[in-house]
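Breakdown of the fold
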Amino acid sequence: MTCPEPREPGIHWFLPTNGDGHRLTSSGLPRPDAAGPGERSPSLDYLRLVVRATEQAGFDAIMLPVASGLEDPWLVAAALATEVPRLRFLLTHRPGIELPDRIVRKCATLQSLAPGRLLLHIVSGSSPFEQRSLGDHLDHDARYARTAEFVQLLGERWHGRGQDHCGRYYRDVGPNLPAQALPMPPLWFGGASPMAERIAAAQVQVHVMWGEPPELIRQRVARMQRLADGFGRMLRFGLRLHVFAAPTAEQAWAHVQRLVADIPASVIDRAQSQIEAYDSVGQRRQHRLLQGRGDGVRDLEVSPNLWAGVGLVRGGAGTALVGSYDQVAQRIGEYREMGVDHFVLSGYPHLEQAIHLGEHLLPRLRQSGLQGRHDAAIPDSGSTVPREWPLL
Amino acid sequence: MGPSFSLALFPSRADPTAPSAPTAWVQCAQAAEYAGIDGLFIATGARLLDAMAIAASLIAPTRRLGLWVAVDPGLLLPTALAASAQSLQALSGGRLRLHLDPRAGTAPCAPSSLRLNRDQRREWSGEYLRILDHLLRPDSAPLDFDGRYFRLERAGLGKRALPRPPLSLDGATDPFRIAAHADLCLLDDPHPQRIGPAIEHLRRQAARAGRSIAFACTLGAIVGPDEQQAWICAERQWEAQIPSAPPPDTPPGVARLHRDSGRSPRRFEIYPNLCRPDPTGPATLVGSPRQVAGRLRELYALGVEHVVLDLYPQLPQLLRFSELVLPEIANEEAKGERRDMS
């Protein structure tokens, strides 16, 4: 594989392609009240606002998820990539529903539209219900085996080879494509099982994890670095987290308290029963953070400033950093010290929070050396004038 | 009335030394809209880029241009295609028309990339189309499908209430399938004496299935101030495009034809003003604006409601077509109405 190493570490944002709003249930799955007041549908006009705000705020890349009911990440990226000159697009792809040749073609198309700005994030599916609705009946281990074969075959097809590939999941893939002129996009990868870890260590550039307490992340990073060393490879790490930050910790926790109070218990119960059915080690790890905890908001603070309450209603990334801007920056710095280079953040609504965190969090991270690449002026972060937190 | 028109776009892989391909696509789309053309037909093929993504990139630069997008069904599951089509339909505000091009290339996307014989491939296509057709309909129930090639449980998750994008099938598809699933059929041979019966036949089959279909064909157009100049222009153009020697695998009869006849493109005239020098390329209308308009109205009367215009050089021919031919079609329509009224 001749994929280039990703550039410097970065802070990234997230595009809510099934809708957005102020509530914890406003984006992601399940999405019980998509049509409620204040809920925003993922129209091209709205997604464009989020993408532009993300670029202007100084984030490095924006992650586009994939799932049934979400807008197609490739189409959204193709529609918006030329409207922002610098922002990179991290597209999520699940092997199993398209042949590698089509992915090669789609990557080449996006690279025409946005040269050097495409990143590919490979995941392997988590909801058996959803997988079967797509016509995919493989169990967890088989899905990851297929992913491993897919990633390998993708590299071969990219370089104009692989016509004779005769594997367990792909065979007779068709006439050879010409080798691509541009390098393959960097590969990011999500998956927490032992199989997933081996694939990540052997084949990809960045391994993404959902936010967990620092000690757990430290263990995972160390384990995977050993695995990667065994393959003679360099592996980098990314963390996916929501953020609720404010000038003071009290304000941030008060906001989170209000968000949770807003959710009916029935919605939580329904979401939990859906999430429990997921066939995903990563999901089980997120879910376990909620177990054996009290009912108060602070009871779900599973490590300093790391709150697991998003996972009450949302599958996928279920944890958030909650606190003052300085606290959140500090926590990110701690993860950075244990080897995590990339952070994919989000907040509700994604438009206003991109602007908000761009103004208050990114400069603090830049000062501590996490982001090095930006021309955007760093605002006066030493100001002591108290400011209204814009969203309260 | 005359046919509606879509301009063909063949988005080839970017040549790193050439000027930006996306700029060219936007130019093509905006030119079509400016010229009063109804839509863009974005082709697919092994050497072409992804038509759906390109269509998405053209949503913002255009206002109302239809996006007729060709896809190779062998490369992805029907559930994935339906979901992407829905997404494009939502993002574009209902401008999508979806074309399945089975000749675009590769093996079907089956769980272990089976090598299928012809009958098996027909069966695979049949299952594919049934699933796709069902999932594209906004009001259809979640689908349980237990076939030989596809097995789905409650497919159609996340389907939204959007107008169904018309489904366009290639004329080479099994007529039974066209009758059962197509909203539009893109026929290869536009010869008026052959296309008329072909349309009638498919219409009858569709009617038996309780459905109606619209028909389309692809045509080039070389329009000159008069007939003679149009043919001169055609000769000059095809001289550059058609090699002096036929490719090595040309059938002997065609190769002999190539050798024995002169250089005039009129030797490929299959019908007045209709010329097909390259059997793998589109037939081309060659003539004065009135002649070209006349042939288009003739085809329209036979049932060709949509025409894909494959023009070269694209922008000059497009503007000529728009400024000279479209008014002729409108004029003839007006004359026809006056005749009806008198």
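Structure: above.
A few points on the structure. Here the structure is a predicted model, which means the values were calculated and not measured.

**Focus on the overall build of chain B**
From N to C terminus, chain B includes ten helices and 13 strands. Looking at the 342 residues of chain B, the share that counts as buried comes to 53%. Look at the contacts in chain B between residues 6 or more apart in sequence, and 74% of them connect residues 24 or more apart. Accessible surface computed for chain B: about 15,400 Å², of which carbon and sulfur atoms make up 53%.

**Concerning unusual backbone geometry**
Of note, the bond from Tyr348(A) into Pro349(A) is cis; its omega dihedral lies within 30 degrees of zero at -15 degrees. If you trace the backbone, Pro349(A) turns up in the loop between strand S11 (340-346) and helix H12 (350-360). With an omega dihedral of -10 degrees, the bond running from Tyr312(B) to Pro313(B) counts as a cis peptide bond. The topology assignment puts Pro313(B) in the loop between strand S13 (304-309) and helix H10 (314-341). Positive phi is not limited to glycine here, since Arg154(B) has a value of about 55 degrees.

**Topic: the interface of chain B and chain A**
Taken together, the contact pairs 45 residues of chain B with 43 residues of chain A. Both faces combined, the contact of chain B with chain A buries some 3,900 Å², and carbon together with sulfur accounts for 59% of it. Across the chain B-chain A interface, the total number found is three salt bridges. As a salt-bridge pair, Glu71(A) and Arg160(B) come within 2.5 Å of each other at their nearest N and O atoms. Scanning the region where chain B abuts chain A turns up 14 residue pairs in polar contact (both at pLDDT 80 or more). It is helix H3 (residues 78-92) of chain B that contributes the most residues to the side of chain B that touches chain A, seven residues altogether. Of the residues assigned to the side of chain B that touches chain A, the class counts are 26 nonpolar, eleven polar and eight charged.

**A word on the side chain of Arg31(A)**
Residue and element names in this part refer to chain A. Relative to the elements of secondary structure, Arg-31 occurs in the loop between strand S1 (10-14) and helix H1 (44-57). Separated by 3.0 Å, the side chain of Arg-31 and the backbone oxygen of Asn-18 make a polar contact. A polar contact is formed between the side chain of Arg-31 and the backbone oxygen of Asp-20, at a distance of 3.4 Å. Beyond its immediate sequence surroundings of up to four residues, Arg-31 is in contact with Asn-18, Gly-19, Asp-20, Thr-25, Ser-26, Glu-39 and Arg-40.

**Considerations on the pairing of strand S12 (residues 283-287) of chain B**
All names here are of chain B. Of all five residues in S12, five are buried; the element is thus mostly enclosed. Going residue by residue along S12, you find Ala-283, Leu-285 and Gly-287 tucked away on one face and Thr-284 and Val-286 tucked away on the opposite face as well. Two elements, strand S9 (residues 214-223) and S12, share five bridges in a ladder whose sense is parallel. Bridge assignment links Leu-219 to a residue of S12, and that residue is Ala-283.

**Observations regarding the nonpolar core**
Within the largest apolar cluster, 195 residues are counted, with the highest numbers of intra-cluster contacts made by Leu24(A), Phe244(A), Trp307(A), Leu40(B) and Leu296(B). By size, the runner-up hydrophobic cluster in this structure holds eleven residues, among which are Phe41(B), Ala70(B), Leu186(B) and Ala216(B).

**Focus: the packing of aromatic side chains**
Following the criterion strictly, the structure yields ten aromatic pairs over all chains and no others. Measuring from ring centre to ring centre gives 5.1 Å for Trp13(A) and Phe59(A), while their planes differ by 35 degrees; the resulting arrangement is tilted. One end of the pair, Trp13(A), is in strand S1; the other, Phe59(A), is in the loop between H1 and strand S2 (61-64), with 46 residues separating them in the sequence. Neither residue differs from the other here; Trp13(A) and Phe59(A) are each classed as buried. Relative to Phe321(B), the ring of Phe5(B) has its centre 5.1 Å away and its plane inclined at 75 degrees; by these criteria the two rings are edge-to-face. Within this pair, whereas Phe5(B) is found in strand S1 (residues 4-9), its partner Phe321(B) is found in helix H10, the two being separated by 316 residues in sequence. Like Phe5(B), the residue Phe321(B) is buried in the burial classification.

**Digging into helix H11 (residues 325-337) of chain A**
All names here are of chain A. For H11, which comprises 13 residues, the first-to-last C-alpha distance of 18 Å matches the rise-based estimate of 18 Å (1.5 Å per residue) to within 8%. Along H11, the residues classified as buried are Tyr-325, Val-328, Ala-329, Arg-331, Ile-332 and Tyr-335. Down the axis of H11, the smallest arc covering the buried residues is 160 degrees, so these residues share one side. Following H11 by one or two positions, Gly-339 adopts a phi angle in the positive range, close to 110 degrees.

**Some thoughts on the packing of helix H5 (residues 140-158) of chain A against helix H6 (residues 194-203) of chain A**
Residues and elements named next belong to chain A. One way to put it is that H5 packs onto H6 with a least axis distance of 10 Å and a crossing angle of 10 degrees. Viewed along their axes, H5 and H6 adopt a mutual orientation that is roughly parallel. Contact with H5, carried on its side by Asp-141, Tyr-144, Ala-145, Ala-148, Val-151 and Gln-152, involves Met-195, Ala-196, Ile-199 and Gln-203 of H6 and no other residues of that element.

**Concerning the pattern of salt bridges**
All names here are of chain B. Using the criterion set out here, one finds 38 salt bridges over all chains in the structure. Note that Asp-183 and Arg-211 form a salt bridge whose closest N and O atoms lie 3.5 Å from each other. Here Asp-183 is found in the loop between helix H5 (175-181) and strand S8 (184-187), whereas its partner Arg-211 is found in the loop between helix H6 (192-208) and S9, with 28 residues between them in sequence. Residue classification places Asp-183 among the partly exposed positions, given a relative accessible area of 24%. Among the salt bridges present, the one from Arg-276 reaches Asp-188, with a minimum N-O distance of 3.1 Å. A residue pair is termed long-range when its members are at least 10 positions apart, and Arg-276 in the loop between strand S11 (274-275) and S12 and Asp-188 in the loop between S8 and H6 qualify at 88 residues. Since its relative accessible area comes to 14%, Arg-276 is described here as buried. Residues joined in a network through salt bridges with shared partners are Asp-133, Arg-137, Arg-164, Asp-183 and Arg-211.

**Digging into the environment of Pro100(A)**
Residue and element names in this part refer to chain A. Looking at where Pro-100 falls in the secondary structure, it is placed in helix H3 (residues 100-113). Residue Pro-100 is classed as buried on the basis of its relative accessible area of 1%. Between the C-alpha atoms of Pro-100 and Glu-71, which are 29 residues apart in sequence, the distance is 21 Å. Excluding residues that lie within four positions of it along the chain, Pro-100 makes contacts with Phe-150, Leu-153, Leu-154, Arg-157 and Tyr-170.

Criteria and cut-off values
- Residues numbered from 1 in each chain as written.
- Chains lettered and ligands numbered in written order.
- Predicted model: local features only at pLDDT ≥ 70, side-chain atom pairs only at ≥ 80, totals over all residues.
- Heavy atoms only, no water.
- Helix = DSSP H or I, 4+ residues; strand = E, 2+ residues; numbered from the N terminus.
- Buried < 20%, exposed > 50% of the residue type's maximum accessible area, 1.4 Å probe, protein only.
- Contact = heavy atoms within 4.5 Å.
- Areas by Shrake-Rupley, 256 points an atom, 1.4 Å probe, with all protein chains shown as cover.
- Buried area = accessible area lost by both parts, 1.4 Å probe.
- Salt bridge = Lys/Arg side-chain N within 4 Å of Asp/Glu carboxyl O.
- Polar contact = N/O pair within 3.5 Å; in protein donor to acceptor, adjacent residues only side chain to side chain.
- Nonpolar A, V, L, I, M, F, W, Y, C, P; charged D, E, K, R; others polar.
- Pairing = 2+ DSSP bridges.
- Core = buried A, V, L, I, M, F, W, Y, C linked by side-chain atoms within 4.5 Å.
- Phe/Tyr/Trp six-rings, centres within 6.5 Å; stacked < 30°, edge-to-face > 60°.
- Expected span 1.5 Å × (residues − 1).
- Arc of directions from axis to C-beta.
- Axes fitted to C-alpha atoms, helices over the stretch in contact; angles between N-to-C directions.
- Parallel < 35°, antiparallel > 145°, perpendicular 65-115°, else oblique.

Shape descriptors only; they carry no functional weight alone.
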